[in-house]
Amino acid sequence: MRGAVLYAPGDVRVEERDDPKITEPSDAIIRLSATCVCGSDLWPYRGIEAVDGPSPMGHEYAGIVQEVGSQVTSIKPGQFVVGSFFASDNTCEICQAGYQSSCINKQPVGAEGAQAESLRVPLADGTLVATPDLPADDLIPSLLAASDVLGTGWFGAVAAQAGPAKTVAVVGDGAVGLLAVLAASQLGAERIIAMSRHEPRQRLAREFGATDIVTERGDAGVARIKELTGGLGAHSVIEAVGTQESMLQAIRSTRPGGHVGYVGVAHGVELPGTELFFSHVHLHGGPAPVRRFLPELIDLIWNRQIDPGKVFDLSLPLEQAAEGYQAMDQRRAIKALLRP
Ligand SMILES: [Zn+2]
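Residues numbered from 1 in each chain as written. Predicted model: local features only at pLDDT ≥ 70, side-chain atom pairs only at ≥ 80, totals over all residues. Heavy atoms only, no water.

Q: Tell me about the overall build of the chain, residues and numbers included.
A: Within the chain one finds 12 helices and 18 strands. Rg of the C-alpha trace for the chain: 19 Å, near the compact-globule value of 20 Å for 340 residues, within the 12% margin. With respect to the three principal axes, the spread of C-alpha positions in the chain is 60 × 40 × 40 Å. Residues classed as buried in the chain amount to 55% of the 340 residues present. Sequence separation of 24 or more characterises 68% of the internal contacts of the chain that already satisfy a separation of 6 or more. Accessible area of the chain: about 13,900 Å², with a carbon and sulfur share of 50%. Here the chain contributes 28 positively and 40 negatively charged side chains, and the mean placements of these two sets differ by 5 Å. (Helix = DSSP H or I, 4+ residues; strand = E, 2+ residues; numbered from the N terminus. Rg over C-alpha atoms; globule rule 2.2 N^0.38 Å. Buried < 20%, exposed > 50% of the residue type's maximum accessible area, 1.4 Å probe, protein only. Contact = heavy atoms within 4.5 Å. Areas by Shrake-Rupley, 256 points an atom, 1.4 Å probe, with all protein chains shown as cover. Lys, Arg positive; Asp, Glu negative; His and termini not counted. Charge placed at Lys NZ, Arg CZ, Asp CG, Glu CD.)

Q: Explain the sheet that holds strand β11 (residues 167-171) to me, and be specific about the residues and the numbers.
A: Strand order in the open sheet made by the 6 strands is β13-β12-β11-β14-β15-β16, with parallel pairing throughout. Every interior strand has two partners, whereas the edge strands, β13 (212-214) and β16 (282-285), have only one. Across this sheet, the average inter-strand angle for adjacent strands is 20 degrees, counted without regard to direction. Across 4 bridges, β11 lies against strand β14 (residues 234-239) in parallel orientation. Each residue of the ladder has a partner; that of V171, found in β14, is E239. (Pairing = 2+ DSSP bridges. Axes fitted to C-alpha atoms, helices over the stretch in contact; angles between N-to-C directions.)

Q: Lay out the pattern of salt bridges with the relevant residues and their values.
A: Summed over all chains, the structure comprises 17 salt bridges. The shortest N-O distance in the salt bridge between R203 and E199 comes to 2.8 Å. With a gap of 4 residues between them, R203 and E199 both fall in helix α7 (residues 199-208), about one helical turn apart. Given a relative accessible area of 48%, R203 falls into the partly exposed group. In this structure, R252 engages D219 in a salt bridge whose closest nitrogen and oxygen atoms are separated by 3.9 Å. Within this pair, whereas R252 is found in helix α9 (residues 244-252), its partner D219 is found in helix α8 (residues 218-228), the two being separated by 33 residues in sequence. For R252, a relative accessible area of 30% puts it in the partly exposed group. Given the relative accessible area of 59%, D219 is considered exposed. Through salt bridges with shared partners, a single network forms among R2, E16 and E319. (Salt bridge = Lys/Arg side-chain N within 4 Å of Asp/Glu carboxyl O.)

Q: Account for the pairing of strand β5 (residues 61-68), naming residues and giving values.
A: As judged from the 7 bridges shared by strand β3 (residues 28-36) and β5, these two strands associate in the antiparallel manner. Across the sheet, residue R31 finds its bridge partner in β5, namely I64. Here 3 bridges tie β5 to strand β6 (residues 80-82), and the two strands are oriented antiparallel to one another. When the sheet's bridge partners are listed, I64 is paired in β6 with F80.

Q: Any details on the coordination of the zinc ion? Residues and values, ideally.
A: Coordination of the zinc ion by the protein is provided by D89 (OD), C92 (SG), C95 (SG) and C103 (SG), with metal-donor distances spanning 2.1 to 2.3 Å. Around the zinc ion, the 4 donor atoms sit at angles spanning 95 to 122 degrees, and that spread fits a shape best called tetrahedral. All donor residues of the zinc ion come from one chain, and their arrangement in sequence is D-x2-C-x2-C-x7-C. Of the residues examined, C95 reaches a relative accessible area of 3% and is grouped as buried. (Donors = N, O, S within 2.8 Å, 3.2 Å for Na, K, Ca; no water. Tetrahedral: all angles 85-135°; square planar, octahedral: opposite > 155°, others 65-115°.)

Q: Summarise the packing of aromatic side chains; cite the residues concerned and give the values.
A: For the structure shown, the criterion picks out 5 aromatic pairs. Considering the side-chain rings of Y45 and Y325, the 5.2 Å spacing of their centres and the 35 degrees angle between planes classify their relative orientation as tilted. Placement of the pair is Y45 in helix α1 (residues 42-45) and Y325 in helix α12 (residues 321-329), with a sequence separation of 280 residues. A relative accessible area of 7% means that Y45 is categorised as buried. Accessibility expressed as a relative area gives 0% for Y325, which makes it buried. An aromatic cluster of at least three residues, connected via ring pairs, comprises Y99, F155 and F293. One residue, R13, lies across the ring of Y7, its end atom 3.7 Å from the ring centre. Its guanidinium or amino end placed over the ring of Y99, R292 lies 4.9 Å from that ring's centre, counting from NZ or CZ. (Phe/Tyr/Trp six-rings, centres within 6.5 Å; stacked < 30°, edge-to-face > 60°. Lys NZ or Arg CZ within 6 Å of the ring centre and 35° of its normal.)

Written out as structure tokens, the structure is:
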């Protein structure tokens, strides 16, 4: 099969790789209908995260089950399924509490690379969620978004306790930030402030439910959020970048007693203890337990109540994965969908 491999920063190649095989009786093999490039794939692509030799890339997937191991009971060949970047048993105490991305038996799905024609998914029964039927083609981008960016934005909004009568601010205008806007809107937030200085992204944020746009960042961005909230700060702030600047911007934009939901993968973030102590904000976040939200998200997409697939503003054949990385790296594209 064909699959994308990162050789070194800036060097993505699509090449012939071994077909995935069932290695554990709880595995499933999926033929991917669509896959994509994640904002977090840009960390190694940009050389900010070390690349240890050729690495298969990708961890977002949706497609049709080809084969299942002997222990798999709920997932069947022929079903269209969506899963998350961490495989989970969905039965342990941590999973039952809704934290499947910290499952005691969790396994990364990305290790073998989902930017490919086929993928092995471990713990298939606990990890995969089937759609009611084979989806119409135009639903596939949205179902793929549920695999990571929508689930991650949704977790950010839930962790920030977005909801009725709340003012929500979103730091970061990548796909996750934009879908956090959508999530906050679905959760009933009264006011949603998107922080973005890019016109096409501002437009999409408004389509997803943003009521205000703030173009300033850093201290000026914080001042602007305070100005819009009677000097208090937002009730709920979603951090969807993962840098020191964005994390402090999120904390400082939150009112005392408010909540920060942080879902940008942290790179070099160090929090000042004294400031945190006196801020009186709640912090909750981490790798999103996407599996918790998948049934609800698939349902919303299936019934065409949400259209998160709009974040894919570039669609390429898998063979052109390198162009997808480059377009996202240069911020020419919000998110690149790859068709195997
Ligand atoms: Zn578990």
